[in-house]
Protein chains: 2
Amino acid sequence: MDFSSYFPIWKALTPKQQQLLEQNAIYRKAEKGTIIHNGNVHCTGLLLVRRGQLRAYILSEEGKEITLYRLLDRDLCLFSATCIMNSLQFEIAIEAEKETEFWVIHPDIYKALMTESAPVAGYTNEVMATRFSDVLWLLEQILWNRLDKRLALFLLNEAELENTKTLRITHEGIGKHIGSQREVVTRMLQYFKNEGIVTLSRNTIELHDFKKLKELSK
Amino acid sequence: MDFSSYFPIWKALTPKQQQLLEQNAIYRKAEKGTIIHNGNVHCTGLLLVRRGQLRAYILSEEGKEITLYRLLDRDLCLFSATCIMNSLQFEIAIEAEKETEFWVIHPDIYKALMTESAPVAGYTNEVMATRFSDVLWLLEQILWNRLDKRLALFLLNEAELENTKTLRITHEGIGKHIGSQREVVTRMLQYFKNEGIVTLSRNTIELHDFKKLKELSK
């Protein structure tokens, strides 16, 4: 397969490292709905998405869950391989939200690479920093912001006002309406998009899931 | 100063790297209550604690806060230097909870070290993984755990940290730590008092029934 063109920092590896990594990456395909990794079970390995969509989530003892982040094409999932670092003291689960092609990278091989290669360790830092940012954002949403509510309400009102499902408005424009910064609006719209509630194109927001929007706006 | 004996992976650095790091680490002392880093302002630098106690927290627009983690002797704080990684897209604040001696490491110097040294990048990964684990734990607490459990756990941790059965802390202060309102904390403390678990006086909580606290914290 074309692993080399999907692994993000391929060119920073030595030929020997490239060979080792490629030989220890197993290509897999998962149907929509497949649980690829279940935190309680084992150290599955790192997941590199070729095409599709994975969802990382945590699960309570009572079976409640919350989505932490999504993995799309070329994204790398570290936390299906918490054994690569001593300090990763938690477990998440990974599910295929769409039919997904991906590689499973052997955790021991990746761990060894991280130890000898500053680029691999540095890239791992960037991936973890991205997830950390996602999770902190989520925490803030849960604690304080009801921006999702405000935004959902605004979109519903606009759609009713304009009598259309396709809103022509900039993210900055929305920010002015609901008292938030453009970046914050963009991030929440991305979240709505990932949830299948809207689709986004340049200065246009198409509303799809009115039921979810109404639930959010309550 | 004795920076070299406090920096965790000192021996994995080359003499040149050691020299560079030490020359770009500024020794500071902060009184209890000092805000050392305020996320909105700038990239302060990494903090290496020599002696004392720092608190890392996030702050809402309305001024609400919640503690993310504590930094004790020899701990390194990355997130007072989010500029060292592109993907660190959030801001936290750091406060001295006790009189604290620490070094501020120049972010550009650390960033350069991370790029060239696999041990430094790897160590950074471990530090971030620890914080990530802390924050995910917190998220789970907030989402799913009952307040009595969170409060019991907080009281036990504080007692261990301060090595005392008599905690000097306001209900508002506790609320900030565990992400609850003062009234809610007061109510739960009253419940604990009624159960004979604690006694309360002005800004002081005396722990009595450690067995019950431990049961609650499970």
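Quick caveat, the model's predicted, so the values are computed rather than measured.

1. Some thoughts on the overall build of chain A
On a plain count of helices and strands, chain A comes out with seven helices and 11 strands. Taken along the three principal axes of its C-alpha coordinates, chain A extends 60 × 40 × 30 Å. Within chain A, buried positions represent 51% of all 218 residues. For chain A, restricting intrachain contacts to residue pairs at least 6 apart in sequence, the fraction spanning at least 24 positions comes to 69%. Element-wise, carbon and sulfur atoms account for 47% of the exposed surface of chain A, whose accessible area totals about 10,800 Å². Where the 28 positive side-chain charges of chain A centre and where its 28 negative ones centre are 3 Å apart.

2. A few points about the side chain of Glu97(B)
Residues and elements named next belong to chain B. Here glutamate 97 lies in the loop between strand S7 (93-96) and strand S8 (100-105). Judged by relative accessible area, which is 17%, glutamate 97 ranks as buried. Contacts of glutamate 97, omitting those with residues within four sequence positions, involve Lys32, Gln53, Leu54, Arg55, Arg70 and His177.

3. Observations regarding the domain arrangement of chain A
Residue and element names in this part refer to chain A. For chain A, the assigned domains are domain 1 (3-142) and domain 2 (147-217). Look at where the C-alpha atoms of domain 1 and domain 2 centre, and you get two points 30 Å apart. Listed per partner, the contact involves six residues of domain 1 and seven residues of domain 2. Area buried by domain 1 at its contact with domain 2 is led by Arg70, Trp137 and Gln141, which between them contribute 79% of it. Across the salt bridge formed by arginine 70 and glutamate 195, the nearest N and O atoms sit 3.2 Å from each other. For the interface between domain 1 and domain 2, the tally reads three residue pairs in polar contact (both at pLDDT 80 or more). It is helix H3 (residues 118-143) that contributes the most residues to the side of domain 1 that touches domain 2, four residues altogether. Tallied by class, residues from the side of domain 1 that touches domain 2 come to one nonpolar, three polar and two charged.

4. Here's the deal with the layout of surface pockets
By volume, the largest pocket amounts to about 880 Å³. Lining the largest pocket are 29 residues, with Glu140(A), Gln181(A), Val184(A), Asn40(B) and Glu61(B) sitting closest to its centre. When contributions to the lining of the largest pocket are tallied by element, the ones reaching two or more residues are H3, helix H4 (147-162) and helix H6 (182-194) of chain A together with strand S4 (54-59) of chain B. Here the lining of the largest pocket takes five residues from H3(A), the largest share from any one element. Class assignment of the residues belonging to the lining of the largest pocket gives a composition of 11 nonpolar, 11 polar and seven charged.

Conventions used here
- Residues numbered from 1 in each chain as written.
- Chains lettered and ligands numbered in written order.
- Predicted model: local features only at pLDDT ≥ 70, side-chain atom pairs only at ≥ 80, totals over all residues.
- Heavy atoms only, no water.
- Helix = DSSP H or I, 4+ residues; strand = E, 2+ residues; numbered from the N terminus.
- Buried < 20%, exposed > 50% of the residue type's maximum accessible area, 1.4 Å probe, protein only.
- Contact = heavy atoms within 4.5 Å.
- Areas by Shrake-Rupley, 256 points an atom, 1.4 Å probe, with all protein chains shown as cover.
- Lys, Arg positive; Asp, Glu negative; His and termini not counted.
- Charge placed at Lys NZ, Arg CZ, Asp CG, Glu CD.
- Domains from an automatic or database assignment.
- Buried area = accessible area lost by both parts, 1.4 Å probe.
- Salt bridge = Lys/Arg side-chain N within 4 Å of Asp/Glu carboxyl O.
- Polar contact = N/O pair within 3.5 Å; in protein donor to acceptor, adjacent residues only side chain to side chain.
- Nonpolar A, V, L, I, M, F, W, Y, C, P; charged D, E, K, R; others polar.
- 1 Å grid on protein atoms, 1.4 Å probe; cavity = no way out; pocket = protein on both sides within 12 Å on 5 of 7 lines; lining within 4 Å.
- Points joined across faces, edges and corners; volume = space filled by probe spheres on them.

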